[in-house]
Amino acid sequence: MDTFTTHTGVGVPLRRGNVDTDQIIPAEYLKRVTRSGFEDGLFAAWRKDTEFVLNNPLYSAGSVLVAGPDFGTGSSREHAVWALMNYGFRVVISSRFADIFCGNSSKAGLLTAQVSQGDVELIWKLLESEPGAEVTVDLQSKTVTAKGITATFEVDDYTRWRLLEGLDDIGLTLRQESEVTAFEAKRPSYMPTTIDA
Amino acid sequence: MAGTLAEKVWDAHVVRRAEGEPDLLYIDLHLLHEVTSPQAFDGLRLAGRKVRRPDLTLATEDHNVPTTPGPITDPVSRTQVDTLRRNCSEFGVKLFPMGDVDQGIVHVVSPQLGLTQPGMTIVCGDSHTSTHGAFGALAFGIGTSEVEHVLATQSLPLKPFQTLAVTVDGELAEGVTAKDIVLAVIAKIGTAGGQGYVIEFRGTAIQTLSMESRMTVCNMSIEAGARAGMIAPDQTTFDYLQGRPHAPRGADWDAAVASWSELRSDDDAIFDAEIHLDANELTPFVTWGTNPGQGLPLSASVPDPESFDNESDRANARRALEYMGLTAGTPLKEIRVDTVFVGSCTNGRIEDLRAAAAVLKGHTVASGVRMLVVPGSAKVRLQAEAEGLDKVFSEAGAEWRLAGCSMCLGMNPDQLAPGERSASTSNRNFEGRQGKGGRTHLVSPLVAAATALRGTLSSPADL
Ligand code: SF4
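Summarised in this report is the structure supplied together with it. Here, residues in each chain are numbered from 1, in the same order as that chain's written sequence. In the order they appear in the text, chains get letters beginning with A and ligands get numbers beginning with 1. Residues qualify for local features only when their pLDDT is at least 70, as the model is predicted, and side-chain atom pairs are given and counted only at 80 or more; totals for whole chains, interfaces and linings, by contrast, use all residues. Side-chain metrics in this entry use all non-hydrogen atoms of the structure; hydrogen atoms and water are not considered.

### Topic: the overall build of chain A
- Within chain A, the regular secondary structure consists of 8 helices and 7 strands.
- Dimensions along the principal axes, computed over C-alpha positions, put chain A at roughly 65 × 40 × 25 Å.
- Only protein chains enter the calculation, and the probe is 1.4 Å; a residue is then buried if its accessible area is under 20% of its type maximum, exposed if over 50%, and partly exposed in between. Here chain A, with 197 residues, has 58% of them falling under the buried criterion.
- Contacts are assigned to residue pairs with any non-hydrogen atoms lying within 4.5 Å of each other. Counting only contacts in chain A whose residues sit at least 6 apart along the sequence, the fraction spanning at least 24 positions is 68%.
- Positive: Lys, Arg. Negative: Asp, Glu. His and the chain ends are not part of the count. The location of each charge is read from NZ of Lys, CZ of Arg, CG of Asp or CD of Glu. One finds the centroid of the 19 positive side-chain charges in chain A at a distance of 1 Å from the centroid of its 27 negative side-chain charges. Helix numbers and strand numbers start at the N terminus; a helix is a DSSP run of H or I with at least 4 residues, a strand a run of E with at least 2.

### With respect to the overall build of chain B
- Check the secondary structure of chain B and you find 16 helices and 19 strands.
- Computed over the C-alpha atoms, the radius of gyration of chain B is 21 Å, within 12% of the 23 Å expected from 2.2 N^0.38 for a compact globule of 463 residues.
- For chain B, the C-alpha atoms occupy an extent of roughly 55 × 55 × 45 Å along the three principal directions.
- When each of the 463 residues of chain B is scored for burial, the buried share is 65%.
- Taking the contacts inside chain B whose residues are at least 6 apart along the sequence as the reference set, 75% of them involve residues at least 24 apart.
- Surface exposure of chain B reaches about 15,200 Å², of which carbon and sulfur atoms provide 49%.
- Distance between charge centres in chain B, computed from 40 positive and 57 negative side chains, equals 6 Å. Each radius of gyration is computed over the set of C-alpha atoms, and the globule rule expresses the reference value as 2.2 Å times the number of residues to the power 0.38. Under the convention used here, a 1.4 Å probe and the Shrake-Rupley method define accessible areas, while residue burial counts only the protein chains that appear.

### Details of the sheet that holds strand 9 (residues 162–169) of chain B
All names here are of chain B.
- DSSP-based pairing: two strands are paired if at least 2 bridges between them are found. Pairing within the open sheet is parallel, and its 4 strands lie in the order 11-10-9-12. At either end of the open sheet lies a strand with only one pairing partner, and these are strand 11 (228–230) and strand 12 (273–278). Strand-to-strand twist of the sheet, defined as the mean angle between neighbouring strand axes without regard to direction, takes the value 20°.
- Pairing of strand 9 with strand 12 involves 6 bridges; the strand directions are parallel. Lines fitted to C-alpha atoms define the axes, with helix axes restricted to the stretch in contact, and inter-axis angles between N-to-C directions lie between 0 and 180 degrees.

### Comments concerning the site of the ligand
- Nearness is defined per residue: one heavy atom within 4 Å of the molecule or strand is enough. Around the ligand sit B:His63, B:Ile105, B:His107, B:Asp126, B:His128, B:Ser344, B:Cys345, B:Cys405, B:Cys408, B:Leu409, B:Asn427 and B:Arg433, and that is every residue in its neighbourhood.
- Broken down by class, the residue content of the shell around the ligand amounts to 5 nonpolar, 5 polar and 2 charged. Under this grouping Gly is polar, as are all residues other than the nonpolar Ala, Val, Leu, Ile, Met, Phe, Trp, Tyr, Cys and Pro and the charged Asp, Glu, Lys and Arg.

### Quick word on the packing of aromatic side chains
- Stacked, edge-to-face and tilted labels apply to pairs of Phe, Tyr and Trp rings (six-membered ring for Trp) whose centres lie within 6.5 Å, assigned for plane angles under 30 degrees, over 60, and everything in between, in that order. According to the stated counting rule, one finds 19 aromatic pairs over all chains in the structure shown.
- Relative to A:Phe97, the ring of A:Phe71 has its centre 6.3 Å away and its plane inclined at 80°; by these criteria the two rings are edge-to-face. Placement of the pair is A:Phe71 in the loop between strand 2 (64–67) and helix 3 (79–87) and A:Phe97 in the loop between strand 3 (91–94) and helix 4 (99–108), with a sequence separation of 26 residues. Like A:Phe97, A:Phe71 is buried.
- Chaining the aromatic ring pairs together yields one cluster made of A:Tyr190, B:Phe238, B:Trp253 and B:Trp260.
- Charge-over-ring contacts are defined here by two conditions on Lys NZ or Arg CZ: a distance within 6 Å of the ring centre and an angle within 35 degrees of the ring normal. A:Arg32 extends its terminal NZ or CZ atom over the ring of A:Phe38, reaching a point 5.5 Å from the ring centre.
- Over the ring of B:Tyr240 we find B:Arg244, and its NZ or CZ is 3.8 Å from the ring centre.

### Looking at helix 8 (residues 211–219) of chain B
- Across the 9 residues of helix 8 of chain B, 9 count as buried, placing the element largely inside the fold.
- Regarding helix 8 of chain B, the residues found buried are B:Met211, B:Glu212, B:Ser213, B:Arg214, B:Met215, B:Thr216, B:Val217, B:Cys218 and B:Asn219.

### Some details on the nonpolar core
Residue and element names in this part refer to chain B.
- Within the largest apolar cluster, 92 residues are counted, with the highest numbers of intra-cluster contacts made by Leu138, Phe140, Leu151, Val166, Val168, Phe201 and Trp260.
- Looking at this core, the element that brings in the most residues is helix 6 (residues 178–189), giving 8 residues.
- Residues contacting leucine 138, with those up to four places away along its chain left out, are Val9, Trp10, Met120, Thr121, Ile122, Val198, Ala228 and Met230.
- Take the buried Ala, Val, Leu, Ile, Met, Phe, Trp, Tyr and Cys residues and link them wherever side-chain atoms come within 4.5 Å; each set so joined is a nonpolar core. Counting residues in each nonpolar core, the second largest holds 82 residues, with Val35, Ala320, Cys405 and Met411 among its members.

### Looking at the pairing of strand 6 (residues 121–124) of chain B
Residue and element names in this part refer to chain B.
- Going residue by residue along strand 6, you find Thr121 and Val123 tucked away on one face and Ile122 and Cys124 tucked away on the opposite face as well.
- Of the strand pairs in this sheet, strand 3 (residues 29–32) and strand 6 are connected by 3 bridges, and their pairing is parallel. Across the sheet, residue leucine 29 finds its bridge partner in strand 6, namely isoleucine 122.
- Alignment of strand 6 against strand 7 (residues 138–141), held across 4 bridges, turns out to be parallel. Across the sheet, residue cysteine 124 finds its bridge partner in strand 7, namely glycine 141.

### Description of the side chain of B:His132
Residues and elements named next belong to chain B.
- Positionally, histidine 132 belongs in the loop between strand 6 and strand 7.
- Among the residues examined, histidine 132 registers a relative accessible area of 0% and is labelled buried.
- Beyond its immediate sequence surroundings of up to four residues, histidine 132 is in contact with Leu31, Val106, His107, Ser110, Pro111, Thr116, Ile122, Ala137 and Ala139.

### Re the pairing of strand 16 (residues 370–373) of chain B
All names here are of chain B.
- The sheet contact formed by strand 15 (residues 339–342) and strand 16 spans 4 bridges and is parallel. Its bridge partner being in strand 16, phenylalanine 341 is matched across the sheet by leucine 372.
- Two elements, strand 16 and strand 17 (residues 399–400), share 2 bridges in a ladder whose sense is parallel. When the bridges of strand 17 are listed, valine 373 appears paired with tryptophan 400.

### Some details on the pattern of salt bridges
- Every case where a carboxyl oxygen of Asp or Glu lies within 4 Å of a side-chain nitrogen of Lys or Arg is listed as a salt bridge. Enumeration over the complete set of coordinates arrives at 42 salt bridges over all chains.
- The residue B:Glu21 makes a salt bridge to B:Arg16 at a minimum N-O spacing of 3.4 Å.
- Judged by its relative accessible area of 36%, B:Glu21 falls in the partly exposed class.
- With a closest N to O distance of 3.7 Å, B:Arg381 and B:Glu385 form a salt bridge. Note that B:Arg381 and B:Glu385 are positioned in helix 14 (residues 378–386) at a spacing of 4 residues, about one turn of the helix.
- With a relative accessible area of 29%, B:Glu385 lands in the partly exposed category.
- Here the salt bridges do not stand alone but share partners, grouping A:Glu177, A:Glu184, B:Arg52, B:Arg53 and B:Asp55 into one network.

### Quick word on helix 2 (residues 38–47) of chain B
- Among the residues of helix 2 of chain B, those classed as buried are B:Pro38, B:Gln39, B:Ala40, B:Phe41, B:Gly43 and B:Leu44.
- Buried positions along helix 2 of chain B lie against helix 3 of chain A together with strand 3, helix 3 (75–91) and helix 5 (144–153) of chain B.
- Positive backbone phi, approximately 70°, marks B:Gly48, located one or two places after helix 2 of chain B.

### What about the packing of helix 2 of chain B against helix 3 of chain B?
All names here are of chain B.
- Two elements in contact, helix 2 and helix 3, have axes separated by 10 Å at closest approach and are oriented at 40°. Viewed along their axes, helix 2 and helix 3 adopt a mutual orientation that is oblique. Relative to helix 3, the crossing made by helix 2 is left-handed. For the pair formed by helix 2 and helix 3, the contact residues are Pro38, Phe41, Leu44 and Arg45 on the first element and Gln80, Thr83, Asn87, Glu90 and Phe91 on the second.
- When its residues are assigned to classes, the contact of helix 2 with helix 3 shows 4 nonpolar, 3 polar and 2 charged. Angle categories: roughly parallel below 35 degrees, roughly antiparallel above 145, roughly perpendicular from 65 to 115, and oblique for all the rest. Left-handed describes a crossing in which the near helix is turned anticlockwise from the far one by less than a right angle; the clockwise case is right-handed.

The analysis is restricted to geometry; functional conclusions fall outside its scope.
Pasting the structure below:
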């Protein structure tokens, strides 16, 4: 996984709450067996509307998505994270994220920066009055800055450390393999296995 | 120290706990399907890793499978299913392919085999893994990177969840079901109300539910934003499990039951939050909007968006009514549907099919309404056929199909056309969930069947 320290890019105001992962990427786009190529599916239904924010050329190169509360609810599909990243997003800012979406993002290297709804509103106003304005997200200092606005964001320490170091979770766990083996030795014999009933 | 059910199961699975790190949790059972696993197997191959415990891993084909006989015609769907087959054979994972007597929706298959047992940790790259919590297991959905992690290490680094007790006391009236309980809970706490929590459902109304109904309740805990739902195991749980192919036998059974019987929240355990619901007051519930929290009793009317407390809810409601093509003030019972879908991991079990069939028996589906009945697994289908339910459905004019996810998410050909409206026993009414532009009302199997007969949202009492 790539390291993440700071990122500056065009902010995209997505004035919607409860953006579920079926909206981020509809089921028909989930059939690919790779981790790439999901950008066409990103917000596919909404992008048919010419007024949709990503159809505005001033925002189309955006890499920081600023969304309403409860972003990423619903299905656990990590494809939602890949679609955002394949499109070019590195950060999503919202006042509240769904749990699984947050976990998926942290594994794939997308930063979910949780700020207050008040700060989201301020950033929305800026991005709407000055389309194309840039937003800087600094993971070291946990701050979001954009012309005249400075906000701090929440991200849990472990996720922050992994993103800053670009660490592979599986590699970290495999260092503790002997503990997993020791745990396995203590499991009760009545617990089921899937092979030969 | 006193603990909740969720904390007890969690603590029993901690492989490693260290300051400043998430707990490393052992995973007892890992379920796979074709949609969220290909990239995980790719990751293993790339890193030269193996599946650590193929014997604690099980795969099934469900999301893409057609529910009419014959092969998958969509080449992209076929590739996804073929990829699962190749991966399972390369890594030694047991797979139930299309046509196998044990094939079906992953969350229907595992419980019916007796693989889902109390006190286990169960994960799957699928948010409705919460279903398995009905047995007192700690079961939750994960993303594909985590699928890869579990394949490689049989464990997951996780931050402890908080606990929420949802107590439902009282008795359900005739025609009110587990689906109505859970829709009412979600409407009460909202789609983010369970966020960060494992919900424990308790109270007399929960204790009297069958295992199938308990699965319906836990299945939809994710729609309240919760990571998992759980119900303490009891005699109902043990009776359901005994004799199933993977359930323990003989002395193992006795040891298992002794240990399972300990799995309950202590009387003085403290939950991080609690809510109460009176079962006596519940009536059939339906959704009117585009998230599962936008629901009301069937006897109510489409709400006025301006009646909501805050601007965010008002905006969501306005958008939802526009998408759903509904006008505030319309009685819900006057809403006409084109399609009725009975199935999914929420309500595609034998008890659900029996309930729908009992309403349909001797009647005919309203003209202009298409009704699809899709069993949750091949075994459910065979059982329903043995009981003659397929005949009841066919004679009423419904389509009796093969097992799979089907119109729950429309990855196969079973989809709503743009603007079409369904009453569906599935779990998500998101925009486009059942097909582009499709409009979904979530309902119980009883309401689904009554709606099919009348052509408008209805309960059996309206017939
Ligand atoms: S039936 Fe629906 S919710 Fe359940 S696993 Fe299949 S697609 Fe997911």
